[in-house]
Amino acid sequence: MATKRVYNFSAGPSMLPLEVLEKAGSEITSYRGSGQSVMEMSHRSKVFLSIFNKTKEDFARLFAVPDDYEILFLQGGATLEFAAAPMNLMTRTGKADYAITGSFADKALKEAKKYGSVNISATTAGCNHTRIPSQSELTLDPDASYFYYCANNTIEGTEWHYIPDTGRVPIVCDMSSNIMSYPVDVSKFGIIFAGAQKNLAPAGVTVVVIRKDLLGAAFPYTPVMLDLAAMVKDDSMHNTPPCWAIYMLGLVLEWVEENGGVANMEANRNLRSSIIYDCIDNSKLFRCPAQKDARSGMNVTFLSGNDELDKKFIAEAQEAGFVNIGGHRSVGGMRASMYNAMPIEGAEKLADFIKSFEKRNA
Ligand SMILES: *Cc1c(COP(=O)(O)O)cnc(C)c1O
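Residues numbered from 1 in each chain as written. Predicted model: local features only at pLDDT ≥ 70, side-chain atom pairs only at ≥ 80, totals over all residues. Heavy atoms only, no water.

(A) Local environment of the side chain of Asn178. Here Asn178 lies in the loop between β8 (171-174) and β9 (191-195). Here the side chain of Asn178 touches Glu159 through a polar contact of 2.8 Å, side chain to side chain. Once residues lying within four places of it in the same chain are set aside, the contact partners of Asn178 are Ala151, Asn152, Glu159, Asn199, Arg269 and Met298. (Helix = DSSP H or I, 4+ residues; strand = E, 2+ residues; numbered from the N terminus. Polar contact = N/O pair within 3.5 Å; in protein donor to acceptor, adjacent residues only side chain to side chain. Contact = heavy atoms within 4.5 Å.)

This is the structure:
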């Protein structure tokens, strides 16, 4: 392609693999001889159902989803699942446990409070969410309807590197910003959900994986679109599904498969993030706010401690083709989000840029 592409370090929506974009481009006016775009098809048509079913099968295989789980492709983003989780599960005992390790977990907590009584199992607010609580720090209620946590804190740049042991209490986990970047033992979870626009697809589809025995307990006033049992019954097609985003998800999953599967996604994420962390650890100008054992493999946050210098870095990086590297407006500094589609070369070139910036500003 003639068009120059930038290294996009956006936290989301984020980079998609070039091969996927080109494939979608080549099929945009007529999908595989159908004479129509996926954007124009009936979601009930045979041709779309074949896309839908293959995408679901590919997701199940790549993410190793056991048979006693359902996979849903919904709308409303991860944020709608903040409400869906309590509305579907809180009826069990009327209370739930939440671990608060960042702003997205905090948003989920605010939703849950509307539907039951919530216990804060742990919070890292006291250190600006720069760390992850250990298992022994979690206050767990054996009678909780579920335990909730956010696996990767997109804004703060921290990540849980273990799955909490909650006994028989089902775990609900927001994996929006690290899904498909490492192998997950799905059998440890009650619900996993992820807005697709970080690691999986363009915005518009939300993946939900739920253990079958948890279905059917929603509050009676739950809107049908939030009732996960109703969504399962109609195979994500109670109403019009996000057809285009599901098709794009399918192309991304094929790309993951062709590129060594989830195991290789993990090797790549470890390599990319360690290139930047090593660079920052060796820098006299910059530092990482996240504690070493809690660092995210997807969102690398760093800062100089001088707002003006950070601004200068962000502007010069943008000029040099490293775009969207400013930290979230709530925390400032820099954030290099490197999801599955970010080439290793993107991390290497960014590290070179950081070093040259440091030389020029020593
Ligand atoms: C981006 C993000 C969200 C919000 O996702 P939407 O799909 O925009 O609702 C929630 N949780 C995490 C961890 C995220 O990274």
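Let's pick the thread back up.
(B) Spatial organisation of unusual backbone geometry. Cis geometry marks the peptide bond from Gly12 to Pro13, where omega comes out at -5°. For Pro13, the location among the structural elements is in the loop between β1 (7-8) and α1 (18-26). Even without being a glycine, Met180 presents a positive backbone phi close to 70°. Considering the arrangement of structural elements, one finds Met180 in the loop between β8 and β9.

(C) Representation of the nonpolar core. Counting residues in hydrophobic clusters, the biggest one holds 58 residues, and the most contacted among them are Phe59, Phe63 and Met175. Residue contributions to this core peak at eleven residues, all from helix α6 (residues 243-258). Judged by nonpolar contacts, the second largest core, of 33 residues, contains Ile100, Tyr146, Phe193 and Val208. (Core = buried A, V, L, I, M, F, W, Y, C linked by side-chain atoms within 4.5 Å. Buried < 20%, exposed > 50% of the residue type's maximum accessible area, 1.4 Å probe, protein only.)

(D) Inspection of the sheet that holds strand β3 (residues 95-100) at higher detail. Pairing is mixed across the open sheet formed by seven strands, whose spatial order is β2-β10-β9-β8-β5-β3-β4. With partners counted over all chains shown, the strands left at the sheet margins are β2 (69-74) and β4 (117-123), one partner each. Taken pair by pair, the neighbouring strands of this sheet meet at an average axis angle of 15°, ignoring direction. Sheet analysis places strand β5 (residues 147-150) next to β8, joined by four bridges and oriented parallel. (Pairing = 2+ DSSP bridges. Axes fitted to C-alpha atoms, helices over the stretch in contact; angles between N-to-C directions.)

(E) Highlighting the domain arrangement of the protein. What the domain assignment lists for the protein is domain 1 (22-257) and domain 2 (261-361). On a C-alpha basis, the centres of domain 1 and domain 2 stand 27 Å from each other. Taken together, the contact between domain 1 and domain 2 spans 24 residues of the former and 24 residues of the latter. Each partner contributes to the roughly 2000 Å² buried at the junction of domain 1 and domain 2, and carbon and sulfur atoms together form 55% of this total. Along the contact surface separating domain 1 from domain 2 lie one salt bridge. Glu159 is paired through a salt bridge with Arg269; the nearest N and O atoms lie 2.8 Å apart. Residue contributions to the side of domain 1 that touches domain 2 peak at three residues, all from α6. When its residues are assigned to classes, the side of domain 1 that touches domain 2 shows nine nonpolar, ten polar and five charged. (Domains from an automatic or database assignment. Buried area = accessible area lost by both parts, 1.4 Å probe. Salt bridge = Lys/Arg side-chain N within 4 Å of Asp/Glu carboxyl O. Nonpolar A, V, L, I, M, F, W, Y, C, P; charged D, E, K, R; others polar.)

(F) Representation of the packing of helix α8 (residues 307-319) against helix α9 (residues 344-360). Their axes nearest at 11 Å, the elements α8 and α9 cross at an angle of 130°. It follows from the interaxial angle that α8 and α9 lie oblique. Where α8 crosses over α9, the handedness of that crossing is right-handed. Facing α8, whose interface residues are Leu309, Lys312, Phe313, Glu316 and Ala317, α9 presents Phe353, Ile354, Phe357 and Arg360. (Parallel < 35°, antiparallel > 145°, perpendicular 65-115°, else oblique. Left-handed = near helix turned anticlockwise from the far one by under 90°.)

(G) Fine view of the site of the ligand. The ligand sits among 14 residues. The nearest are Thr79, Thr154, Asp174, Gln197 and Lys198. At 3.0 Å, a backbone N or O of Ala78 approaches an oxygen atom of the ligand. Asp174 places a side-chain nitrogen or oxygen 2.6 Å from a nitrogen atom of the ligand. Notes on the ligand: free accessible area 390 Å², of which the protein chains cover 86%. (Near = heavy atom within 4 Å. Areas by Shrake-Rupley, 256 points an atom, 1.4 Å probe, with all protein chains shown as cover.)

(H) Highlighting the pairing of β4. When β3 meets β4, the two strands line up parallel, connected through six bridges. Considered in β4, the bridge of Tyr98 is made with Ile120. Taken together, β3, helix α4 (residues 103-112) and β4 constitute a β-α-β crossover, and its handedness is right-handed. (Right-handed = clockwise from strand over helix to strand, strands pointing away.)

(I) Representation of empty space enclosed by the protein within the structure. Evaluation of the coordinates by the stated rule reveals two cavities of 30 Å³ or more. For the lining of the largest cavity, the residue count by class is eight nonpolar, two polar and one charged. Approximately 30 Å³ is the volume attributed to the second largest cavity. Asn8, Ser10, Ser14, Met15, Ser337, Met338, Tyr339 and Met342 are the residues that line the second largest cavity. When grouped by side-chain class, the residues that make up the lining of the second largest cavity number four nonpolar, four polar and no charged. (1 Å grid on protein atoms, 1.4 Å probe; cavity = no way out; pocket = protein on both sides within 12 Å on 5 of 7 lines; lining within 4 Å. Points joined across faces, edges and corners; volume = space filled by probe spheres on them.)

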